Amino acid sequence: MTQRSQNVSISCSKEAVNGCVRYILCREGSKIPIKRSDIINHVSETCNVTKQNAINVFNAAQKELKKVYGYKIVELKLKDAIQCIIVLDKPEKSLLSSSTNPYHRRLLIAALTHIFMSSGPVPEDDMWKFLAEAYVLEENDYNQRKIVTNVFTKQLYLNHYKEGEGELAKLVFDWGPRAHIELPKMFLLNKVASALEKDPQHWSEQYKIAASDNSNQETI
């Protein structure tokens, strides 16, 4: 290979990596998981490279995301496909610093706090009642409810599923995989303790979980 060919190859490689990073960051804005296969196909098609080379570009893009933007990609096996979510590389001491919608942020914090303090999962009716009493969701406002049932579940902050069989079956909410990765439980517990003027250890079960969770996040 000539020096000129080598330079062109290196240039194309950098362009491919930068293009992959831009694609991931653009998709990340919605917080909806990206199929790993979609990223590979995008790189392969836009850069006209083989699938194996597209995988190499994707791996290089992950290093660039961490080095330049402080993000890492977490791969989850969901619905028989590998889904990618983009999260901050270092655990945050607060919640969802990248969230741009203040109302969504308040609503999500309230929902996740209720599940955590209830030792979750919680029935759907119980969640609507709590959110109404917390003045973050108007009673019987079905448009706002869709934020919880549709938006937060698609973003993997919440799981919404049927529990039980037959007449005893009921819809419940639980923490989703993104929430487990992004959310420091000690942050929530401290907020509850501050609001109720109690020591966080007043809730012994939740404190034990939060302390363990905090230790695990620091070692990620």
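### Details of the confidence of the model for the chain
Chain-level statistics for the chain give a pLDDT mean of 87 and a share of 87% at 70 or above. The model gives residues 1-11 a pLDDT under 50, and that stretch makes 1 contact with residues more than four places away or in other chains.

### Comments concerning the sheet that holds strand β4 (residues 122-123)
Here we have 3 strands laid out as an open sheet, ordered β4-β6-β5, and antiparallel in their pairing. If you trace the sheet from one side to the other, it starts and ends with β4 and β5 (158-163), each paired once. Relative to strand β6 (residues 170-175), β4 runs antiparallel, the two sharing 2 bridges. Bridge assignment links V122 to a residue of β6, and that residue is F173. Sheet contacts for helix α4 (residues 102-117): β4, β5 and β6; angle to β6, the most-contacted strand, approximately 100°. Sitting on the sheet, helix α6 (residues 142-154) touches β5 and β6, and the angle it makes with β5 is about 120°.

### Quick word on the nonpolar core
Counting residues in each nonpolar core, the largest one holds 31 residues, and the members touching the most others are L107, L131 and L158. Every element with two or more residues in this core is listed here: α4, α5 (124-133), α6, β6 and α8 (185-196). Broken down by element, the residue count for this core peaks at 8 residues, all from α4. Ignoring any residue separated from it by four or fewer positions in sequence, one finds L158 in contact with L108, A111, L112, I115, V148, F152, T153, F173, D174, W175 and G176.

### A look at the packing of aromatic side chains
Between two aromatic rings, the relevant description is the distance of the centres plus the angle of the planes. What the rule picks out here adds up to 2 aromatic pairs. Seen in terms of ring centroids, F116 and W175 are 6.3 Å apart; in terms of plane orientation they differ by 55°. Their pairing is tilted. Linking F116 in helix α4 with W175 in strand β6, this pair joins segments that are 59 residues apart in sequence. The exposure class of F116 is buried, given its relative accessible area of 6%. On the basis of relative accessibility, which here comes to 5%, the residue W175 falls in the buried class. Between W128 and F173, the aromatic rings sit 5.5 Å apart at their centres with planes inclined by 75°, giving edge-to-face as the arrangement. Of this pair, W128 sits in helix α5 while F173 sits in strand β6; the two residues are 45 residues apart in sequence, bridging distant segments of the chain.

### Some points on the side chain of T149
With respect to the helices and strands, the residue T149 is situated in helix α6. Engagement of the side chain of T149 in a polar contact is seen with the side chain of N150, the distance being 3.4 Å. In this view, T149 contacts E124, W128, H160 and F173; residues no more than four positions away in its chain are not counted.

### Brief notes about the pattern of salt bridges
A full pass over the atoms with the stated rule returns 4 salt bridges. Across the salt bridge formed by R36 and E75, the nearest N and O atoms sit 3.0 Å from each other. In this pair, R36 sits in helix α2 (residues 36-47) while E75 sits in strand β2 (residues 71-78), placing the two residues 39 residues apart along the sequence. Of the residues examined, R36 reaches a relative accessible area of 23% and is grouped as partly exposed. Look at E75 and you get partly exposed, because its relative accessible area is 37%. K66 serves as the salt-bridge partner of D89, at 3.9 Å between the closest nitrogen and oxygen. Residue D89 is found in the loop between β3 (81-88) and α4, and its partner K66 is found in helix α3 (residues 51-69); the two are separated by 23 residues along the sequence.

Calculation notes
- Position labels on residues start from 1 in each chain and follow its written sequence.
- With the structure being a predicted model, the display of local features is reserved for residues of pLDDT at least 70 and the display and counting of side-chain atom pairs for 80 or more, all residues being used for whole-chain, interface and lining totals.
- Based on all heavy atoms of the structure, the side-chain values leave hydrogens and waters out of the count.
- Confidence scores per residue from the predictor, reported as pLDDT, run from 0 to 100.
- A contact between two residues is defined here by any heavy atoms of the two lying within 4.5 Å.
- Strand pairing requires that DSSP identify at least two bridges connecting the strands.
- Only DSSP runs of H or I with at least four residues qualify as helices, and only runs of E with at least two residues qualify as strands; both kinds are numbered from the N terminus onward.
- Helix axes are fitted to C-alpha atoms over the stretch in contact, other axes to C-alpha atoms as well, and angles between N-to-C directions run from 0 to 180 degrees.
- Definition of nonpolar core: a set of buried residues of the types Ala, Val, Leu, Ile, Met, Phe, Trp, Tyr and Cys, connected through side-chain atoms within 4.5 Å.
- Burial classes: relative accessible area under 20% of the type maximum marks a residue as buried, over 50% as exposed, and values in between as partly exposed (1.4 Å probe, protein chains only).
- Under the pairing criterion, centres of Phe, Tyr and Trp rings, with the six-membered ring standing for Trp, must be within 6.5 Å; the plane angle then separates stacked pairs below 30 degrees from edge-to-face pairs above 60, leaving the rest tilted.
- We call two N or O atoms a polar contact when they sit within 3.5 Å, provided that within protein one can donate a hydrogen and the other can accept it, with sequence-adjacent residues counted only if both atoms are side-chain atoms.
- Any Lys or Arg side-chain nitrogen located within 4 Å of an Asp or Glu carboxyl oxygen qualifies as a salt bridge.

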